[in-house]
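Results of the structural survey
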Amino acid sequence: MGLFKNMRGGMNVGQAVADRGSLQGQAEEFNRILTVGRPANALIRGHVDAGEQVAGNPVWVFDLEVTPEGAAPYAVEHREIVSTMAVGSYPDGASMACRIDPADPQKIAFGERPFM
């Protein structure tokens, strides 16, 4: 068991690798959606902490009303890893640009263009 702990307080190396993979996977998926997705607007109706953490950052569940350009709004439950410090950038009642995955309209990414 000692082989799987680092020097900084015993974090499991396997968990650290999994957390990095989760963060990288989220970034890649959001970047893919921002590249191929339809433009839309997302109204944040509310958000709650999902009770999970990845690399020390909470996973949030956002209750969204997504309005595609030229189409009717619909509800989306969006999960995203967001640091406690950054979650203030996603206040309830805010309207944010997003893009919608063309293969699954329940998948969105906040933003207007790829970031990687």
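Keep in mind that what you see is a predicted model, and the values were worked out from it rather than measured.

Side note on the sheet that holds strand E2 (residues 57-68)
Judged by pairing direction, the sheet is antiparallel, and its 5 strands sit side by side in the order E3-E2-E1-E4-E5 without closing on themselves. Every other strand in the sheet has two partners, leaving strand E3 (74-81) and strand E5 (108-110) as the edge strands with one partner each. Neighbour-to-neighbour, the strand axes of this sheet turn through a mean angle of 45°, independent of strand direction. Pairing analysis gives 11 bridges linking strand E1 (residues 38-54) to E2, with the strands arranged antiparallel. What sits directly across from Val 48, in E2, is Val 61.

A short note on the confidence of the model for the protein
Across the protein, the average pLDDT comes to 85, with 81% of residues at 70 or higher. Element-level pLDDT for the protein is lowest in helix H1 (residues 13-36), with a mean of 75, against a maximum mean of 98 in strand E4 (residues 95-100). Predicted confidence for residues 1-10 stays below pLDDT 50, and this span has 7 contacts to residues more than four positions away or in other chains. Contacts for the low-pLDDT stretch residues 13-18, under 50 throughout, to residues beyond four places or in other chains number 3 contacts.

With respect to the side chain of Arg 99
One can find Arg 99 in strand E4. Engagement of the side chain of Arg 99 in a polar contact is seen with the backbone oxygen of Gly 37, the distance being 2.8 Å. Other than its neighbours up to four places away in sequence, Arg 99 contacts Ile 33, Leu 34, Gly 37, Arg 38, Pro 39, Lys 107, Ile 108, Ala 109, Gly 111 and Glu 112.

Procedures and definitions
- Residues numbered from 1 in each chain as written.
- Predicted model: local features only at pLDDT ≥ 70, side-chain atom pairs only at ≥ 80, totals over all residues.
- Heavy atoms only, no water.
- Pairing = 2+ DSSP bridges.
- Helix = DSSP H or I, 4+ residues; strand = E, 2+ residues; numbered from the N terminus.
- Axes fitted to C-alpha atoms, helices over the stretch in contact; angles between N-to-C directions.
- pLDDT = per-residue confidence, 0-100.
- Contact = heavy atoms within 4.5 Å.
- Polar contact = N/O pair within 3.5 Å; in protein donor to acceptor, adjacent residues only side chain to side chain.

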